[in-house]
Amino acid sequence: MCGIFAYLGPRKNAAEFVIHGLTKLEYRGYDSWGVAYDEGIKLGIYRQIGKISDYDPVKTKFPESTMALGHSRWATHGGVTVANAHPHTNSDSTIAIVHNGIIENFDELKKELVDKGYVFKSQTDSEVIAHLINEYCKTMDFEKAAKEAMKRFEGRYAVLAMKAGERKIIAARRGSPLIVGIGNNEYFVASDIPAFLEYTRKVMYLDDNQLVVLNNGTHFFDITTGKPVEKRVVEINWKTESAEKGNFAHFMIKEIMEQKDTIYRAINQEDSEIEKIAEEIKKAYGTFLIGCGTAGKVCLAAEYIFAKVAKRHVNVVVGSEFPSHQDFLKEKSLVIAVSQSGETADTLEAIEVAKKKKSKVLSIVNVEGSTMDRESDYSLHIKAGPEKAVASTKATTSQIAILTLLAYACDGRLQEGKTLLIDTAGKINDMLNPRYEEHIHALAEKIQHHESMYVIGKAVNYAIALEAAIKLQEVSYIHAEGFAGGELKHGPIALISEGTPCIVLVSNGDTRTDILNNAREVKARGGFIIGVAPQNEEVFDYWIKVPDVGIASPIVNIIPIQLLAYHLAVLRQNNPDMPRNLAKSVTVK
Ligand code: G6P
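Please read these numbers as outputs of a predicted model, since none were measured by experiment. Positions within a chain are numbered from 1, following the residues in the order the chain's sequence is written. Where totals are concerned, whole chains, interfaces and linings use all residues; where local detail is concerned, this predicted model gives features only for residues with pLDDT of at least 70, and gives and counts side-chain atom pairs only at 80 or more. The side-chain quantities take in all heavy atoms of the structure and omit both hydrogens and water.

### Details of the site of the ligand
Selection criterion: The criterion for a residue being near a molecule or strand is simple. One of its heavy atoms has to lie within 4 Å of it. In protein, a polar contact requires one atom able to donate a hydrogen and another able to accept it; more generally it is a pair of N or O atoms within 3.5 Å, and residues adjacent in sequence count only if both atoms are side-chain atoms. We get accessible surface area from the Shrake-Rupley algorithm with a probe of 1.4 Å; when it comes to residues, only the shown protein chains can shield them. Residue polarity is assigned by list, with Asp, Glu, Lys and Arg as charged and Ala, Val, Leu, Ile, Met, Phe, Trp, Tyr, Cys and Pro as nonpolar; anything else, Gly included, falls into the polar class.
Every one of the 14 residues lining the ligand counts as a neighbour, but T294, S339, Q340, S341 and T344 are closest to it. Separating an oxygen atom of the ligand from a backbone N or O atom of Q340 is a distance of 2.7 Å. Within the side chain of S341, one N or O atom sits 2.6 Å away from an oxygen atom of the ligand. Relative to its unbound accessible area of 390 Å², the ligand is 90% covered by the protein chains. Tallied by class, the residues present in the shell around the ligand amount to five nonpolar, seven polar and two charged.

Spelled out as structure tokens, the structure:
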């Protein structure tokens with residue numbers, strides 16, 4: 001993960017400019033940060049522990065500079081210390097680099113460099129990059145040295161490098177995202193578009209194994225062969241305000257509220273496109289749904305939806321486990337990767353595995369132009385707009401909506417599916433009103449001091465129970481676990497004591513009786529039953545009403561839990577947008 005950003009152009013406040021851009025990438029990592037700026041004969045380096053948004057431009061001023069690069073870190077190798085924060089430099093601080101990803105062969109490279117007398121100042125894998133470029137600079141110019149060094153790094157990485165007094169930023173990509181922004185006589189390069197969205201909508205995507213030299217233009221090369229590569233400029237149509245908080249206190253609540261619109265946007269797809277993909281699913285010899293974290297839980301929900309709506313079995317595997325399932329893959333298999341960012345390393349690795357087996361790959365992504373989007377045979381965009389809060393909300397429900405639509409299309413009932421989802425979207429609009437939020441806030445006040453809570457559901461609501469638990473864990477830091485209601489009696493019920501909050505996800509239909517019985521079992525052991533259901537039931541101690549939308553119930557059932565998690569986080573004085581230890585885009589394995 002980590003966010004990286006560099007600037008080269010006429011602006012004289014390059015360091016501050018890069019810091020500002022990095023604040024837009026802070027969702028990628030926020031335990032420490034740093035910036036390097038060109039001072040002519042050497043580079044200025046400034047590094048800090050903590051959030052970049054705490055930087056005070058009045059207290060810390062930087063000298064004039066027109067070229068800088070910076071980094072917002074999520075620690076992988078080495079603890080959270082100033083020494084481990086990026087940028088990393090060579091011994092005399094004339095070369096600086098920032099790095100996102102993991103250099104898998106850093107041990108071997110470090111040994112080689114230490115033998116040559118290099119002294120390492122950090123515990124990171126990244127520092128080898130600066131020293132190796134330095135080593136090559138002894139016999140060649142900086143650009144050539146950087147190109148040679150990039151060839152030697154194994155693993156997934158995105159690297160930015162610069163040298164004092166050389167008007168050049170070198171950016172290289174193997175696995176981790178990098179996008180170039182083209183301004184008016186100025187250049188940006190970042191892990192994600194929001195870093196420079198205020199200044200340009202013209203972008204150029206680096207593909208895997210490519211490197212770009214930014215000076216008075218953009219010069220792209222293949223890392224392995226060194227040959228120049230032709231690239232085109234793409235105009236993106238994101239709105240700046242959609243990446244900003246507006247009047248909301250946090251991105252998380254803004255994004256929860258956006259679900260009034262996002263379901264409509266998700267299902268607003270060309271019928272022919274959905275039908276074409278449904279045909280691929282129907283003719284596949286084994287369909288695998290792959291995702292990580294919340295996206296993995298969406299896949300599990302989709303397994304139930306496909307079973308119920310399309311009478312089809314789809315396999316669900318979390319991204320990191322997928323390589324162990326590769327022996328089941330055939331050329332006729334279809335792998336459906338579900339991802340908000342389109343950059344999650346474990347999901348990308350699953351795609352690589354599928355491609356090696358020549359299976360077809362469909363991505364369902366939010367970020368257009370992301371690696372998954374570009375590397376898949378088919379791609380569907382959920383069109384939720386930028387999701388900035390670490391805890392996924394609007395992307396989750398949009399992913400479920402699109403997968404529901406695909407299940408209907410597989411059963412030849414696309415229009416029926418659309419009608420159901422349009423109706424659901426309208427009901428979400430009615431649901432997300434201030435009174436509803438107050439009701440959930442009151443519940444959060446009641447349970448905020450509990451140490452543990454549980455969520456149960458049956459069938460598709462089992463998947464939502466798992467997702468609900470993730471939401472609660474991520475931002476409230478309360479120990480939360482999700483279970484299939486029927487599994488409680490096989491162990492977890494031992495955890496219930498007087499007053500333990502237990503959320504019960506109910507939808508009308510054939511699972512209602514069983515899950516209410518499970519709720520009664522919890523209540524008999526003293527549990528405090530919070531029912532998320534279309535109607536109040538005698539077993540509930542606290543009822544959160546959700547509309548009755550049939551098979552689309554997972555979409556409406558998760559929304560009150562998102563709200564509950566948010567209000568618990570705020571009451572417990574946690575930052576819901578940047579929970580501890582987490583990052584939005586997990587680009588490391
Ligand atoms: C991280 C995020 C989660 C997300 C998961 C997968 O852990 O914090 O919110 O569900 O990555 O991300 P993706 O971008 O692939 O959906």
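### Considerations on the nonpolar core
Our working definition: By nonpolar core we mean a set of buried residues, namely Ala, Val, Leu, Ile, Met, Phe, Trp, Tyr and Cys, connected to one another through side-chain atoms within 4.5 Å. Buried residues are those whose accessible area, probed at 1.4 Å on protein chains only, stays under 20% of the maximum for their type, while exposed residues exceed 50% and partly exposed ones sit between those limits. Residue ranges labeled as domains rest on an automatic or database domain assignment. By definition, residues are in contact when any of their heavy atoms lie within 4.5 Å.
Membership of the largest hydrophobic core comes to 94 residues, with the highest contact counts inside it found for F306, L406, L472, I503 and L564. Here this core gathers at least three residues from each of two domains, domain 2 (247-430) and domain 3 (433-577). Dropping the residues within four chain positions of it, L472 is found in contact with M453, V455, Y477, I478, A480, I503, I561, L564, A565 and L568. I97, L109, L113 and V159 belong to the second-largest nonpolar core, a separate cluster that totals 30 residues.

### So, the sheet that holds strand β15 (residues 287-291)
Test applied: When DSSP locates at least two bridges between a pair of strands, those strands are taken to pair. Runs of H or I in DSSP of at least four residues are treated as helices and runs of E of at least two as strands, each being numbered from the N terminus. As a rule, the C-alpha atoms of each element are fitted with a line to give its axis, helices using only the stretch in contact, and angles between N-to-C directions run from 0 to 180 degrees.
If you walk across this open sheet you meet the five strands as β16-β15-β17-β18-β19, and the pairing is parallel. The open sheet has two edge strands with one neighbour each: β16 (315-318) and β19 (378-381). Sheet twist, expressed as the average angle between the axes of neighbouring strands with direction ignored, equals 20 degrees. Relative to strand β18 (residues 360-365), strand β17 (residues 334-339) is paired through six bridges, and the arrangement is parallel. Considered in β18, the bridge of V338 is made with I364. The sheet strands contacting helix α7 (residues 271-283) are β15, β17, β18 and β19, and the helix crosses β19 at an angle near 130 degrees. In the packing of helix α9 (residues 345-356) onto the sheet, the strands contacted are β15, β17 and β18, and the crossing angle to β18 comes to about 160 degrees.

### Looking at the sheet that holds strand β11 (residues 202-205)
Reading across the sheet, the eight strands line up as β3-β2-β4-β1-β10-β9-β11-β14 and stay open at both edges, with antiparallel pairing between neighbours. Looking at the sheet topology across the chains shown, the edges are occupied by β3 (43-49) and β14 (234-235). As paired strands, strand β1 (residues 3-8) and strand β10 (residues 187-190) are joined by four bridges and run antiparallel to one another. Bridging across to β10, F5 finds its partner in A190.

### Some thoughts on the environment of E387
Looking at the secondary structure, you find E387 in the loop between β19 and α11 (394-410). Considering only alpha carbons, one finds E387 and E108, 279 residues apart in sequence, at a separation of 38 Å. Once residues within four sequence positions are removed from consideration, E387 is found in contact with E255, Q340, N366, S392, T393, K394, A395 and K584. In this structure the side chain of E387 is engaged in a polar contact, spanning 3.0 Å, whose partner is the backbone nitrogen of A395.

### Here we look at the domain arrangement of the protein
By a widely used convention, the size of an interface equals the accessible area lost when the partners come together. In plain terms, the rule: Put simply, buried area is how much 1.4 Å-probe accessible surface two parts lose in total, over both of them, once they are put together. Basic side-chain nitrogens of Lys or Arg form a salt bridge, by our definition, when they fall within 4 Å of a carboxyl oxygen of Asp or Glu.
Domains assigned within the protein are domain 1 (3-241), domain 2 (247-430) and domain 3 (433-577). Here the C-alpha centre of domain 3 lies 24 Å away from the C-alpha centre of domain 2. Facing the 34 residues of domain 2 at the interface are 32 residues of domain 3. Contact with domain 3 buries area across many residues of domain 2, yet M252, K297 and Y304 alone supply 19% of it, more than any other trio. Summed over the shared surface of domain 2 and domain 3, the number is one salt bridge. For D510, the salt bridge is made with K308, and the minimal N-O distance between the two is 3.2 Å. Counting every contact that joins domain 2 to domain 3 gives 11 residue pairs in polar contact (both at pLDDT 80 or more). If you list the elements that add at least two residues to the side of domain 2 that touches domain 3, you get α5 (251-257), α6 (259-267), α8 (294-310), α11 and α12 (414-431).

### Here's the deal with α6
Selection rule: Directions pointing from the helix axis toward each C-beta atom define the arc.
Listed in full, the buried residues belonging to α6 are Q259, T262, I263, A266 and I267. The buried side chains of α6 occupy one side of the element, clustering within an arc of 120 degrees when seen end-on. Residues of α6 that are buried make contact with α5, α11, α12 and α16 (553-571).

### Description of the packing of α7 against α12
The cut-off we apply is this: Crossings are classed by handedness, with left-handed meaning an anticlockwise turn of the near helix from the far one by less than a right angle and right-handed meaning a clockwise turn.
Two elements in contact, α7 and α12, have axes whose closest approach is 11 Å; the angle formed by their N-to-C orientations is 120 degrees. The crossing of α7 and α12 is right-handed. Counted together, D271, I274 and E275 of α7 and L414, Q415 and K418 of α12 form the full contact between these two elements. Looking at the contact of α7 with α12, its residues break down into two nonpolar, one polar and three charged.

### Brief notes about the pairing of β19
Burial along β19 is one-sided: Y378 and L380 are buried, and none of S379 and H381, which face the opposite way, are. The sheet contact formed by β18 and β19 spans four bridges and is parallel. Bridging from a neighbouring strand, L362 pairs with Y378 of β19.

### Re the packing of aromatic side chains
How we decide: A pair of aromatic rings is counted whenever rings of Phe, Tyr or Trp (Trp by its six-membered ring) have centres within 6.5 Å, and the orientation is called stacked for planes under 30 degrees apart, edge-to-face for over 60 and tilted otherwise.
Summed over all chains, the structure comprises 16 aromatic pairs. Consider the rings of Y46 and F62, whose centres lie 5.3 Å apart with planes at 90 degrees: the pair is edge-to-face. Placement of the pair is Y46 in strand β3 and F62 in the loop between β3 and β4 (67-73), with a sequence separation of 16 residues. For Y46, a relative accessible area of 21% corresponds to the partly exposed category.

### Let's talk about the pattern of salt bridges
Following the criterion strictly, the structure yields 29 salt bridges and no others. Of the charged contacts in the structure, one is a salt bridge between K24 and E198, with a shortest N-O distance of 3.5 Å. With K24 in the loop between α1 (14-23) and β2 (32-38) and E198 in the loop between β10 and β11, this pair connects stretches of sequence that are 174 residues apart. For E198, a relative accessible area of 38% translates into the label partly exposed. Between R152 and E112 there is a salt bridge, with its nearest N and O atoms 2.9 Å apart. Note that R152 is positioned in helix α4 (residues 142-152) and E112 in helix α2 (residues 106-115), a separation of 40 residues in sequence.

### Some remarks on α2
Restricting attention to buried positions, one finds in α2 the residues F106, L109 and L113. Buried residues of α2, viewed axially, fall in a sector of 65 degrees; they line one side. Exposed and facing more than 90 degrees away from the buried side of α2 are D107, K111 and D115. In this fold, the buried residues of α2 make contact with β6 (95-103), α3 (127-137) and α4.

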